[in-house]
Each structure stands twice: as structure tokens, then as C-alpha cells.
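Here is how the chains run, residue by residue.
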Amino acid sequence: MKINGPNPTNFNPYKQALKDRQTIESESYKKDSIEISPEAKKLQKQEQPDEKRAEYVNEIKQKIDSNQYKINYEKLAQKMHDFWTGK
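Residues numbered from 1 in each chain as written. Predicted model: local features only at pLDDT ≥ 70, side-chain atom pairs only at ≥ 80, totals over all residues. Heavy atoms only, no water.

Details of a nonpolar patch on the surface
Logical step 1: Together, Ile64, Tyr69, Ile71, Tyr73, Leu76, Met80, Phe83 and Trp84 give the surface a local cluster of nonpolar side chains, amounting to about 970 Å² of exposed area.
Logical step 2: The element that contributes the greatest number of residues to the nonpolar patch is helix α4 (residues 73–85), accounting for five residues.
Logical step 3: Tracing the backbone through its elements, the reader meets Tyr73 in helix α4.
Logical step 4: A relative accessible area of 58% means that Tyr73 is categorised as exposed. (Patch = residues over 30% accessible without salt bridge, like charges linked within 9 Å, V, L, I, M, F, W, Y side chains within 5 Å. Areas by Shrake-Rupley, 256 points an atom, 1.4 Å probe, with all protein chains shown as cover. Salt bridge = Lys/Arg side-chain N within 4 Å of Asp/Glu carboxyl O. Helix = DSSP H or I, 4+ residues; strand = E, 2+ residues; numbered from the N terminus. Buried < 20%, exposed > 50% of the residue type's maximum accessible area, 1.4 Å probe, protein only.)

Let's talk about the packing of aromatic side chains
Logical step 1: As enumerated under the stated definition, the model contains one aromatic pair in all.
Logical step 2: The interplanar angle of 85° and the centroid separation of 5.0 Å between the aromatic rings of Phe83 and Trp84 together place this pair among those described as edge-to-face. Comparing Phe83 with Trp84, the two get one shared label, exposed. (Phe/Tyr/Trp six-rings, centres within 6.5 Å; stacked < 30°, edge-to-face > 60°.)

Printed below as a string of C-alpha cells:
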């Protein structure tokens, strides 16, 4: 009878940990997929900025560039107050 000491030659204490790591790695390579419902697609189309909004923004930009844009501080303060108080 041959004795190889406290550790048998065919025993690998890290074998289970290696198998677990390979399993985790193989699961992490799975590809995710996503489907967008028809309702969500409709919402995306509705959220596109319209031409009126773009014209309004360009008008304000031009006024700011030419120093003709006037700020109504009372209206601004009222909107900030309403926003923060939840009105």
C-alpha cells in the first residue's frame, strides 16, 4: 500500500471554487434584450419637440443676444413659490 501524505494526489481543494467561478462567468456573458411596447413607441413620438417650441426658443435666444429680453421678476418669483409649495 502506497501512502502519499495528508493530501491525495488527485485531490484539488480549489476545484469547487473554480467550477463556481466558471458558472458565474458563463452567466455574465448572456445577452440582455428589450422590447418596447406599441404604447411606449406612441409616447416617444408624442414627446418629440414640435416646431412651435423650437421657434419660441429661437425667438428668446435672439432677444437675449440683442439685449432685448426682459425678465418679469414677480412672475418668476411666483412660479418658483408655486413650485416649491406644490401649488
